[in-house]
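Notes for the structure review
Chain by chain, the residues:
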Amino acid sequence: MIRWVLVLAAASALAAQTPETFSPAAYFRDHCLTCHGSAAVPRAPSPVALSSLTPEAVYAAISAGSMKPMAANLTDAQRIALAETLTKQKLGDAAHPDV
């Protein structure tokens, strides 16, 4: 019973976050860093490796690729914010770099 209460509380807390209150850095720290910050999980790229990717690549991984199940609770706007935060680039900028 307590387990279900905790699951429902966590789900409602995340659902209550709007794109304005969603913190991509906090989300990554709380939900992704366990694997992406661990040498014990060599298949998970480190934060440094993720930052070298394009936001399009990160967005693709969390929207339709191998990370889709882990990001299933995120809205599209939250996925975009996460991809842009991890790469420190805006979605679309990689296709049109400043010259």
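In the block above lies the structure referred to throughout.
Below is a short write-up of the structure. (Residues numbered from 1 in each chain as written. Predicted model: local features only at pLDDT ≥ 70, side-chain atom pairs only at ≥ 80, totals over all residues. Heavy atoms only, no water.)

In this structure, the largest pocket encloses a volume near 530 Å³. Forming the boundary of the largest pocket are 24 residues, of which H36, P45, S66, M67 and M70 lie nearest the centre. For the lining of the largest pocket, the secondary-structure elements that each account for two or more residues are helix 2 (24–36), helix 4 (55–63) and helix 5 (76–87). The element that contributes the greatest number of residues to the lining of the largest pocket is helix 2, accounting for six residues. A per-class count over the lining of the largest pocket returns 19 nonpolar, four polar and one charged. (1 Å grid on protein atoms, 1.4 Å probe; cavity = no way out; pocket = protein on both sides within 12 Å on 5 of 7 lines; lining within 4 Å. Points joined across faces, edges and corners; volume = space filled by probe spheres on them. Helix = DSSP H or I, 4+ residues; strand = E, 2+ residues; numbered from the N terminus. Nonpolar A, V, L, I, M, F, W, Y, C, P; charged D, E, K, R; others polar.)

Bringing unusual backbone geometry into the picture now. If you check the backbone angles, K88 has positive phi at about 55° while not being a glycine. The exposure class assigned to K88 is exposed, which follows from its relative accessible area of 72%. (Buried < 20%, exposed > 50% of the residue type's maximum accessible area, 1.4 Å probe, protein only.)

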